[in-house]
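# Summary of the model geometry
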Amino acid sequence: MQLRDLPYADPGQPDARSGIRLLYWLGRQQWGRQVMAALWGMLHLGALACLPLTLGFGVQAVIDRSGGRLLLAGGLMLALGALATVGDTMLHRVAVTNWITAAARLQQLLARKAAELGSALTRRVAAGEVVAVSTGDVEKIGWFVEAVSRFVAALVATVAVCVALVIYQPALGLVVAVGVPVLVLGVLPLLPRATRRADVQREKAGRATELAADTVAGLRVLRGIGGEELFLERYRAASQEVRAAAVRSARMWALIAAVQVALPGLLLITVVWYGVGLAQDGRIGVGELVTVYGAVTFLLSPLRRFEEIAMAYSFSRPSAERAARVLSQHRTAQEPAADAVATDVATGHAEESGQAAGSRAAVGGDLYDPVTGLLAPAGQLTLVVCGDPDAAGRLADRLGGHAPAGPTDSDAPELSGATEAGGARGAGDPARSLTPNPTAAKAAPSPAETTGTTSSDARATGRPEAGAPPPTATPSTPAATPSSISAAPSEPTAAAAPEPASVLLGGVALDSLPLVTARAAVLVQDKDPVLLSGTLGELLDVPTSGAVSADQARAAAQCGDVLTALAPAADDGSGDPTRATITERGRSLSGGQRQRLALARSLVTDPDVLVLDEPTSAVDSHTEARIADGLRGLRAGRTTVVFASSPLLLDRADRVVFIPDGAVVAVGTHRELLHSTPAYRAVVTRETDDELTAVGVAGSATTTSALEDSA
């Protein structure tokens with residue numbers, strides 16, 4: 001692999017079970033060049049190791065007044081110098097190539113993972129940690145991969161020199177052979193402490209990076225509330241902690257470096273002192289003493305590689321752990337097979353460019369989440385009210401095919417054989433054999449509590465039971481009829497699923513679809529969509545079905561005033577707003593302007609299913625009303641799911657679903673739920689407990705009067 005061949009056509013499927021396994025996998029991917037670098041290193045060190053021998057040979061020739069041997073020694077020294085130069089040059093070339101290619105492979109893997117997870121990545125891994133992994137950690141890991149070949153060459157050279165000295169001059173050779181292991185092992189007791197201090201330094205640096213990133217991202221808000229000085233003091237304190245930790249770490253590494261210099265110096269003094277005594281006794285010649293002295297001096301160079309590999313491993317191990325933590329994330333709850341992932345990635349670009357239309361046509365129908373019981377009928381505008389913004393964000397991720405991470409994975413549905421109105425559920429249909437978690441069901445009110453209708457009444461009237469999907473997945477599913485739904489507890493069976501069930505699109509699990517197909521079918525816009533730097537025209541230059549133009553999308557998202565504001569900023573002075581430059585993350589725009597441009601970008605894509613999480617939270621009510629009308633008109637006949645609690649949006653929905661505690665409680669229109677579900681009314685209208693109590697008493701009296709009249 002040469003640098004000109006980068007990037008890799010396929011960086012491979014990494015072993016991300018641990019940092020050690022990731023380092024081993026990276027080294028194994030380029031073992032051929034590692035062997036080549038080690039061989040060049042052996043040539044370089046071998047030539048240097050032979051120089052003391054030729055030097056001693058030349059000194060002895062001078063003592064013996066032998067011009068021929070002196071000339072031979074000079075020629076050998078020139079040849080060895082040339083070999084050492086070539087070996088060092090090629091070692092540096094190949095080792096640096098190993099470093100860069102390993103770092104490039106890891107960066108490609110991280111970029112692929114970021115593209116796979118999208119916004120879900122920063123929900124699972126802190127943004128500062130992602131930045132640290134993709135920048136500094138990649139270099140540290142590459143450093144270790146590069147240092148391995150140098151260490152192997154140094155190890156072979158050190159062993160070879162010690163063995164040669166024992167053979168060449170046993171008396172002094174034994175001293176060297178015993179002293180070298182002492183030099184190598186002498187610093188081992190210091191390494192754990194140095195590693196711990198380095199880990200503390202990196203941890204504090206990561207926290208400071210996260211704080212800096214958060215501060216920059218929220219600078220506009222901080223200025224508005226006067227919180228700049230507060231965050232500045234926090235960052236200053238975090239920076240001082242990093243500085244102090246770095247000084248403590250540097251002191252330990254300086255001590256290790258001092259030991260690495262002092263111990264070889266003591267060995268050299270011991271060898272010279274003992275060798276001079278042997279020479280005075282006539283047991284060795286002066287040339288032999290010079291040879292041994294030169295060999296010991298040479299050993300100082302490979303011994304430094306031992307220190308280097310220790311430092312490289314100490315710094316790269318936690319970096320590899322962080323990289324493995326990012327690479328081990330998956331868009332689904334079940335870890336995909338390696339060959340499936342590799343195939344998906346290898347064919348991703350081709351599918352994006354040539355098979356996007358086929359991907360759109362491959363799947364379709366109702367969108368159903370078996371965990372919460374949420375159903376979004378095909379072709380309808382469904383509004384979802386959760387009450388908890390974080391829960392809404394997690395559910396939006398699920399609808400996009402991103403499995404939850406951490407504790408939420410335990411919220412697995414139970415398999416049951418419960419029947420539905422009109423007949424038994426098909427055993428082969430996973431959508432009809434999954435009911436929400438019983439623990440979530442206990443938190444939801446029963447049908448009797450919400451509508452006064454029992455489960456048997458629900459069957460008799462043909463309404464779907466709590467948490468169950470309707471018997472058919474067609475747009476004709478009645479959405480205007482108010483029906484309060486509660487998750488009915490089911491007895492767990494031996495076939496209980498260990499992971500949350502996948503969201504179903506037209507009865508097909510999103511987890512089972514290739515990534516490109518799933519992304520083409522379902523598009524999720526989260527609460528804080530990212531606007532990349534570039535012109536407005538480039539922002540809206542995204543893969544699209546062609547059915548919605550950029551002008552139509554901007555009009556539906558009410559971007560008229562944004563275009564007017566951007567027109568004077570056109571780069572070429574033409575007044576064309578599409579040529580105006582938008583800064584990174586849209587920081588030159590207001591929050592409402594950013595939201596509307598992001599919404600226009602999502603609308604122009606025209607996916608089969610569009611999921612929007614609070615798309616109008618930063619706009620005024622008049623603009624929000626016009627956006628609601630534009631969204632409904634432009635997405636007519638297309639499935640749209642919006643997470644919001646704004647009455648202006650809710651009143652224009654075909655169907656409103658209320659999910660307060662992880663399970664569907666009520667379904668109907670906005671006006672119907674306002675009258676039938678007090679908890680929904682409290683979330684939407686922000687009523688207090690006292691107001692709810694008063695409304696509840698009045699509602700009970702009205703219901704009693706109606707019952708008496710009917711009797």
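Read on for an overview of the structure. In this text the structure is predicted, and so the values were computed from the model without any measurement. (Residues numbered from 1 in each chain as written. Predicted model: local features only at pLDDT ≥ 70, side-chain atom pairs only at ≥ 80, totals over all residues. Heavy atoms only, no water.)

### Comments concerning the packing of aromatic side chains
Basically, it comes down to this: Ring pairs shown here join Phe, Tyr and Trp side chains whose ring centres sit within 6.5 Å, with only the six-membered ring taken for Trp; geometry is labelled stacked below 30 degrees between planes, edge-to-face above 60, and tilted in between. Under the scheme used here, helices are H or I runs from DSSP no shorter than 4 residues and strands are E runs no shorter than 2 residues, and both carry numbers assigned from the N terminus.
Enumeration according to the criterion identifies five aromatic pairs in this entry. Seen from their ring centres, tryptophan 143 and phenylalanine 315 are 6.2 Å apart, and the 40° between their planes marks the pair as tilted. Separated by 172 residues along the polypeptide, tryptophan 143 in helix α5 (residues 127–168) and phenylalanine 315 in helix α10 (residues 286–327) bring together distant segments of the chain. Both rings, one in tryptophan 253 and one in phenylalanine 315, keep their centres 5.9 Å apart while their planes meet at 25°; by these two values the pair is stacked. Taken as a pair, tryptophan 253 in helix α9 (residues 228–280) and phenylalanine 315 in helix α10 lie far apart in primary sequence, 62 residues in all.

### A short note on the pattern of salt bridges
Let me state the cut-off plainly: Definition used for salt bridges: Asp or Glu carboxyl oxygen within 4 Å of a side-chain nitrogen of Lys or Arg. Working definition: with a 1.4 Å probe on protein chains only, accessible area under 20% of the residue-type maximum means buried, over 50% means exposed, and in between means partly exposed.
Counted according to the given criterion, the structure contains 23 salt bridges. A salt bridge links arginine 579 to aspartate 576; the nearest nitrogen and oxygen atoms lie 3.8 Å apart. Overall, aspartate 576 belongs to the partly exposed group, its relative accessible area being 28%. Each of Asp606, Asp608, Arg635 and Arg638 takes part in a single network of salt bridges with overlapping partners.

### Some remarks on unusual backbone geometry
In this structure, glutamine 558 is a non-glycine residue whose phi angle is positive, near 55°. Among the secondary structure elements, glutamine 558 is positioned in the loop between α20 (550–556) and α21 (560–566). A positive phi is found at glutamate 614, a non-glycine position, where the angle reads about 50°. Along the polypeptide, glutamate 614 turns up in the loop between β12 (609–613) and α23 (621–634). Given a relative accessible area of 25%, glutamate 614 falls into the partly exposed group.

### What about the side chain of serine 314?
Formally: Whenever a nitrogen or oxygen atom comes within 3.5 Å of another N or O atom, the pair is scored as a polar contact, on the condition that within protein one atom can donate a hydrogen and the other can accept it, and that pairs from neighbouring residues in sequence are kept only if both atoms are in side chains. Any two residues whose heavy atoms approach within 4.5 Å are treated as being in contact.
For serine 314, the location among the structural elements is in helix α10. You can call serine 314 buried: its relative accessible area is 3%. Engagement of the side chain of serine 314 in a polar contact is seen with the side chain of threonine 195, the distance being 3.2 Å. Residues in contact with serine 314, not counting those within four places in the same chain, are Thr195, Ala198, Asp199, Arg202 and Trp253.

### Thoughts on a nonpolar patch on the surface
Definition in use: Surface patches are drawn from residues lacking salt bridges whose relative accessible area is over 30%; two like charges belong together within 9 Å, two nonpolar side chains (Val, Leu, Ile, Met, Phe, Trp, Tyr) within 5 Å. Only the protein chains shown count as cover for residues, with accessible areas throughout obtained via the Shrake-Rupley method and a probe of 1.4 Å.
Taken together, Leu155, Val159, Val163 and Ile167 make up a surface patch of nonpolar side chains, about 360 Å² in accessible area. Within the fold, valine 159 resides in helix α5.

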